[in-house]
Amino acid sequence: MTAKNSFFSNLGSTSYRFWRQELLPLLADLRLAIALLLAIALFSISGTVIEQGQSPAFYQANYPEHPALFGFLTWKVIQVVGLDRVYRTWWFLAILILFGSSLTACTFTRQFPALKAAQHWKFYDQPRQFQKLALSAELETGSLNKLTELLQQRRYKVFQEEDKLYARKGLVGRIGPIVVHASMLIILGGAIWGSITGFVAQEMVASGDTFQIKNIIEAGSWALPQVPKDWSVRVNRFWIDYTPEGRIDQFYSDLSVLDKQGQEVDRQTIHVNQPLRYRGVTLYQTDWGIAGIQVRLNNSPVLQLPMASLNTVSKGRIWGTWIPTKPDLSEGVALIAKDLQGTLMLYNPKGQLINTIRAGMSVPVNGVRLSIDEVIGSTGLQIKADPGIPFVYAGFGLLMLGVVMSYFSHSQIWALQEGVSAASQKEIRFYVGGRTNRAQVAFERELLEILDRVSHPSQEEVPVVEIEAIATQS
């Protein structure tokens, strides 16, 4: 039993050393973080350039094998690698997780120790200690009380003990990089959470119909439980505004959100760039179509017939249906429409145009009077849910705050006064030095101005100060 315990103890010790001496320094390496960030940017760009979530036929038509785009990019490469769904592939999520691990390792191995070192300080009690500072001076006159007053005027926090002084300001500049790393981790976490729990759906719904979200075209591995089952949407009305020239200006959908009992809990009119948002789900107006047509034959009740989209080989969009004119369906006419307000065209079985008609009009066809009551439009909705978006927005807000905080300089000043007074026949030596992590020139000007005022408190005195600036490596 002792040997077994010793084996596991050695194994644990070896694993710990591997983690601390090999893996952790590798993760915290700045070069690895930069490479991962570039990879994320590159694949994000590819996900923007290459259309996402399209059908295989779309990629076969737009990315053929001969000739291949850039000599290698074909529909097979896109689908095998996953470039048609970049943000939900396992390898993209793995890169995000690895980048987050690198940020975390860098934060704990570099940023936190730097902050801890900035919080812990000590007084300088030997003149030689000032020589290692980026800027130092030795004065023949000076007063710690005067120096304290001048530093406090410049918002330094001053610590004084007998003949020694330490002052600092801008500690927030040390916290800024930690905030930046934390914000990036929040953004990465939000992106990962959204990719595995979000979904995209598309619905084509006729005016007056009610639907639940079912036609999921893209979803993360944990997305199905997020699809709402306790509410539905009713399309109260769909309509299109046209320009005087007959072109589409804008299309609108009047939508109502219904609870399980069918009661309306929200109602909005949406159009392009003005979606409906409800419980983390966003409904966008993206498309339109013609769902059906209401007709009457002589004095018959209103008949609603479905209309189907016809293939025109990229020559425009049209919809058509067959209207029987006899009870046994032996005769009839084909009706063609291209929009919700234009002229409808009637064709006989031979494909010959026999008449035109508009909604609200009637014409004789095959011995009966055909009346058009209404052309029923359908709205095309794209439905998205991304639970990670609030985290991403919060992360970007925190990132901006962290960047601003990082611009603050962390400046430190030490002072030491040796000797007592001229009455005691002892020479007074006053040592002052400081350093900062950024804005070095501004800090030097500030410190030189402070030293000048410390050594010459009276304006009548001629400012003759011998200052020795010693440049050392930071």
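Anyway, here's the lowdown on the structure attached to this text. Since the model is a prediction, treat every value here as computed from it, not as a measurement.

About the cut-offs
- Residues numbered from 1 in each chain as written.
- Predicted model: local features only at pLDDT ≥ 70, side-chain atom pairs only at ≥ 80, totals over all residues.
- Heavy atoms only, no water.
- Helix = DSSP H or I, 4+ residues; strand = E, 2+ residues; numbered from the N terminus.
- Contact = heavy atoms within 4.5 Å.
- Axes fitted to C-alpha atoms, helices over the stretch in contact; angles between N-to-C directions.
- Parallel < 35°, antiparallel > 145°, perpendicular 65-115°, else oblique.
- Left-handed = near helix turned anticlockwise from the far one by under 90°.
- Pairing = 2+ DSSP bridges.
- Buried < 20%, exposed > 50% of the residue type's maximum accessible area, 1.4 Å probe, protein only.
- Patch = residues over 30% accessible without salt bridge, like charges linked within 9 Å, V, L, I, M, F, W, Y side chains within 5 Å.
- Areas by Shrake-Rupley, 256 points an atom, 1.4 Å probe, with all protein chains shown as cover.
- Salt bridge = Lys/Arg side-chain N within 4 Å of Asp/Glu carboxyl O.
- Lys, Arg positive; Asp, Glu negative; His and termini not counted.
- Charge placed at Lys NZ, Arg CZ, Asp CG, Glu CD.
- Phe/Tyr/Trp six-rings, centres within 6.5 Å; stacked < 30°, edge-to-face > 60°.
- Lys NZ or Arg CZ within 6 Å of the ring centre and 35° of its normal.

### Concerning the side chain of Arg-154
No. 1: One can find Arg-154 in the loop between α6 (144–153) and β2 (157–161).
No. 2: Setting aside residues up to four positions removed in sequence, Arg-154 forms contacts with Lys-169, Glu-446, Glu-449, Ile-450 and Arg-453.

### Quick word on the packing of helix α7 (residues 172–197) against helix α8 (residues 389–406)
No. 1: Their axes nearest at 7 Å, the elements α7 and α8 cross at an angle of 165°. Classified by the interaxial angle, the pair formed by α7 and α8 is roughly antiparallel. Considering only the axes of α7 and α8, their crossing is left-handed.

### Some thoughts on the sheet that holds strand β21 (residues 429–436)
No. 1: With respect to topology, 5 strands assemble into an open sheet ordered β1-β21-β20-β3-β2, the strand pairing being antiparallel. The sheet is open, and its two edges are formed by β1 (135–139) and β2, each paired on a single side. Taken pair by pair, the neighbouring strands of this sheet meet at an average axis angle of 10°, ignoring direction.
No. 2: Along the sheet, helix α9 (residues 440–455) contacts β1, β3 (164–169), β20 (411–418) and β21; its crossing angle with β21, the most-contacted strand, is approximately 160°.

### Brief notes about the pairing of strand β16 (residues 344–347)
No. 1: Here β16 shows a clear split, with Leu-344 and Leu-346 buried on one side and none of Met-345 and Tyr-347 buried on the other.
No. 2: Bridging between strand β15 (residues 332–337) and β16 involves 3 bridges; their strand directions are antiparallel. In the sheet register, Ile-336 faces β16, and the bridge partner there is Met-345.
No. 3: Linking β15 back to β16 in an antiparallel pair, the connection comprises 6 residues.

### Some remarks on a positive patch on the surface
No. 1: Taken together, the side chains of Lys-122, Arg-128, Lys-132 and Arg-435 present a region of like positive charge at the surface.
No. 2: Tracing the backbone through its elements, the reader meets Arg-128 in the loop between α5 (90–119) and β1.
No. 3: Looking at Arg-128, the relative accessible area reads 61%, which means it is exposed.

### A few points about the packing of aromatic side chains
No. 1: Overall, the coordinates contain 16 aromatic pairs when judged by the stated rule.
No. 2: With a centroid separation of 5.5 Å and an interplanar angle of 85°, the aromatic rings of Phe-58 and Tyr-59 are classed as edge-to-face.
No. 3: When its relative accessible area of 24% is taken as the criterion, Phe-58 is described as partly exposed.
No. 4: Residue Tyr-59 is classed as buried on the basis of its relative accessible area, which comes to 0%.
No. 5: Residues Trp-239 and Tyr-252 carry aromatic rings whose centres are separated by 5.3 Å and whose planes lie at 15° to one another, so their mutual orientation is stacked. Taken together, the residues Trp-239 in strand β7 (residues 232–242) and Tyr-252 in strand β8 (residues 248–258) connect sequence positions 13 residues apart.
No. 6: Through a chain of ring-to-ring contacts, the aromatic side chains of Tyr-124, Phe-130, Phe-159, Tyr-166, Trp-414 and Tyr-431 assemble into a single cluster.
No. 7: The ring of Trp-288 carries Arg-317 above its face, with NZ or CZ at 5.2 Å from the centroid.
No. 8: Note that Lys-384 overlies the ring of Tyr-284, its terminal NZ or CZ placed 5.9 Å from the centroid.

### Some remarks on the side chain of Thr-74
No. 1: Along the chain, Thr-74 falls in the loop between α3 (56–62) and α4 (75–81).
No. 2: Non-local contacts of Thr-74, meaning those with residues more than four positions away in its chain, are made with Tyr-63, Pro-64, Glu-65 and Ala-68.

Read these as layout, nothing more, since geometry by itself doesn't imply function.
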